[in-house]
Structures are given as structure tokens and as C-alpha cells.
Amino acid sequence: QVQLVESGGGSVQAGGSLRLSCAASGNILYINIMGWYRQVPGKQRELVAHITRGGSTNYADSVKGRFTISRDNGKNTVYLQMNSLRPEDTAVYYCNADLLVFGRGGFDAYWGQGTQVTVFS
């Protein structure tokens, strides 16, 4: 069994900061890309940022310069530092990992349960 457990969501005033964490656990052989997505009711889930095992990053245009993704490969953990938050950043944030599990033939995508981020003006 593989689990991705997120933490760090909450409510913050516009201009504030939050840091999300996501730890992967279970029979994991290797984790390739890890990322963060977000979703608001009635809209599709969208990519916020992702990071490769080697540290290459990619960001949605809407968060560039404000959010920073990082990871600790030894801890199977990915982080999202969110600064200068705006009300439009309000969403449920989901962790995603592309990983190889013992006993399976290839990489599969796993998701966390989601954590609510609310930014009020």
C-alpha cells in the first residue's frame, strides 16, 4: 500500500504564506516526478508545480515567482512554499507522485487526499 499524506493547509490573509508538505510511504522503490495540483468546485484540477527527482521544476504561470516547490528524496517528501497568497489561490491542493512500487511492473500515479487552502482578503 502506498500513501501520500499532505499537511500544512489552512486559512491565511491575502499576502500571507503557507507551506504544504506531502510525505509518501509504503512499498516504494523509486519516485520520479512529484507535484502539486489544485482544484476549485466546478473546475478541472490544474497543475501548480512539479519537480523531478533531480530537482528540475515547472510552475503554472499564475504562481511563478510566488510559489516554490522542493523535495527531500531521502524522506520521500515534497514541499510547496506559497508566498504572497491571493484569494484566487483558494482551492483544495493535492499532492501527486509518479512512483514505482515493489511487485508492480511500471510507474503509477498516486494522489494525496487533498488539503484546503483558503486565502481571504
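The following refers to the structure shown. Because the structure is a prediction, the values reported are computed rather than measured.

Turning next to the pattern of salt bridges. A full pass over the atoms with the stated rule returns five salt bridges. Salt-bridge contacts for arginine 38 lead to aspartate 89; the nearest nitrogen and oxygen are separated by 3.0 Å. Of this pair, arginine 38 sits in strand E4 (residues 28–39) while aspartate 89 sits in the loop between strand E8 (77–82) and strand E9 (91–101), and the two are 51 residues apart along the sequence. Where lysine 64 meets aspartate 61, a salt bridge forms, and the shortest distance between an N and an O atom there is 3.1 Å. Each member of the salt-bridge network shares a partner with another, and the members are Arg38, Glu46, Arg66 and Asp89.

For the structure on display, the rule yields one disulfide. Each sulfur in the disulfide pair cysteine 22 and cysteine 95 lies 2.1 Å from the other. On the sign convention where negative means left-handed, the S-S torsion of about -80° between cysteine 22 and cysteine 95 marks this disulfide as left-handed. Of the two residues, cysteine 22 sits in strand E3 (residues 18–26) while cysteine 95 sits in strand E9, which places them 73 residues apart along the sequence. Given a relative accessible area of 0%, cysteine 22 falls into the buried group.

This part takes up the side chain of arginine 66. If you trace the backbone, arginine 66 turns up in the loop between strand E6 (57–59) and strand E7 (67–72). Leave out the neighbours within four places in its chain, and arginine 66 touches Gln81, Met82, Asn83, Ser84, Leu85, Arg86 and Asp89.

Conventions used here
Residues numbered from 1 in each chain as written. Predicted model: local features only at pLDDT ≥ 70, side-chain atom pairs only at ≥ 80, totals over all residues. Heavy atoms only, no water. Salt bridge = Lys/Arg side-chain N within 4 Å of Asp/Glu carboxyl O. Helix = DSSP H or I, 4+ residues; strand = E, 2+ residues; numbered from the N terminus. Disulfide = S-S within 2.5 Å. Buried < 20%, exposed > 50% of the residue type's maximum accessible area, 1.4 Å probe, protein only. Contact = heavy atoms within 4.5 Å.

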